[in-house]
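Now for the letters of each chain:
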Amino acid sequence: MNLEEFNALPVVRAEQFLLDCCGSTHWAARMAAQRPLLDLNDLRETADSIWRDLEPADWLEAFGRHPQIGERAAAGSESSRQWAEGEQAGMRVVAESVKAKLAQGNQAYREKFGYIFIVCATGKSAEEMLALLEQRLQNDSAHELTIAAEQQRLITRLRLEKLLTVERSLQ
């Protein structure tokens, strides 16, 4: 779909597409209300501005719609599942020892922070993601939440671009 088609969608349908990009319902509703968007730059700037203006609870809602690193997406639309798998391409060929360390790290992260480890995984190997996970486990809760929120913002930007370049049914 292109931006013109996206701008013309009914609000509810636009929100559904936007939830594939970012799992915060408040973000999706506010984005849909900002249409028409002028161009890709306007889309990005609006998305970033709305994201940064949200409450931490909205960020946590978005994080909760992601699979953990190393796991397959179980919920969401077919597009969001495919996007998550593509983003985690670095997990396709990985040593069992790295998988095990990621699983342990994911559990430790969730126990410490109360949400999944979120990272913009696009272009990162499993080993790079493990190193980031281990590094971020050293953060305090407040600092880590801002890092996780920034990672979600980056993921959202990539997914918005995918949304506007992938053939999708508008019905």
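Structure's up top.
Residues numbered from 1 in each chain as written. Predicted model: local features only at pLDDT ≥ 70, side-chain atom pairs only at ≥ 80, totals over all residues. Heavy atoms only, no water.

**Student:** So what exactly am I meant to see when it comes to the overall build of the protein chain here?
**Tutor:** In terms of regular secondary structure, the protein chain is built from 9 helices and 0 strands. Secondary structure elements of the protein chain, listed N to C terminal, follow the sequence α-α-α-α-α-α-α-α-α. When the 171 residues of the protein chain are sorted by exposure, 45% land in the buried category. In the protein chain, once contacts between residues fewer than 6 apart in sequence are set aside, the share between residues at least 24 apart is 71%. Element-wise, carbon and sulfur atoms account for 51% of the exposed surface of the protein chain, whose accessible area totals about 8,800 Å². (Helix = DSSP H or I, 4+ residues; strand = E, 2+ residues; numbered from the N terminus. Buried < 20%, exposed > 50% of the residue type's maximum accessible area, 1.4 Å probe, protein only. Contact = heavy atoms within 4.5 Å. Areas by Shrake-Rupley, 256 points an atom, 1.4 Å probe, with all protein chains shown as cover.)

**Student:** How do you make sense of the packing of helix α7 (residues 96-113) against helix α9 (residues 141-163) when you look at a structure like this?
**Tutor:** When two helices pack together, their arrangement is given by the angle between the helix axes and the distance between those axes. Running from N to C, α7 and α9 cross one another at 120°; their axes reach a closest spacing of 11 Å. By the criterion of interaxial angle, the relationship of α7 to α9 is oblique. On α9, the residues that touch Tyr 109, Lys 112 and Phe 113 of α7 are Ser 141, Glu 144 and Ala 148. A class-by-class count of the residues in the contact of α7 with α9 yields 3 nonpolar, 1 polar and 2 charged. (Axes fitted to C-alpha atoms, helices over the stretch in contact; angles between N-to-C directions. Parallel < 35°, antiparallel > 145°, perpendicular 65-115°, else oblique. Nonpolar A, V, L, I, M, F, W, Y, C, P; charged D, E, K, R; others polar.)

**Student:** Sorry if this is basic, but what is going on with the pattern of salt bridges here?
**Tutor:** Evaluated as defined, the whole model comprises 9 salt bridges. For the salt bridge of Arg 30 with Asp 53, the shortest nitrogen-to-oxygen distance reads 3.0 Å. One end of the pair, Arg 30, is in helix α3 (residues 25-33); the other, Asp 53, is in helix α4 (residues 40-53), with 23 residues separating them in the sequence. Judged by relative accessible area, Asp 53 falls into the partly exposed class, the value being 48%. Put simply, Glu 96 and Lys 99 hold a salt bridge, and the shortest N to O gap is 3.6 Å. Placement of the pair is Glu 96 and Lys 99 together in helix α7, with a separation of 3 residues, close to one helical turn. When salt bridges with common partners are traced through the structure, they connect Asp 48, Arg 52, Glu 150, Arg 153 and Arg 157 into a single cluster. (Salt bridge = Lys/Arg side-chain N within 4 Å of Asp/Glu carboxyl O.)

**Student:** In this structure, what is going on with helix α2 (residues 11-21)? I would like to understand it.
**Tutor:** One full turn of an α-helix is made of 3.6 residues, so residues set three or four places apart face in the same direction. When α2 is considered as a whole, its buried residues turn out to be Ala 14, Phe 17, Leu 18, Asp 20 and Cys 21. Angularly, the buried residues of α2 cover 145° about the axis, an arc narrow enough to put them on a single face. (Arc of directions from axis to C-beta.)

In short, geometric facts, not functional conclusions.
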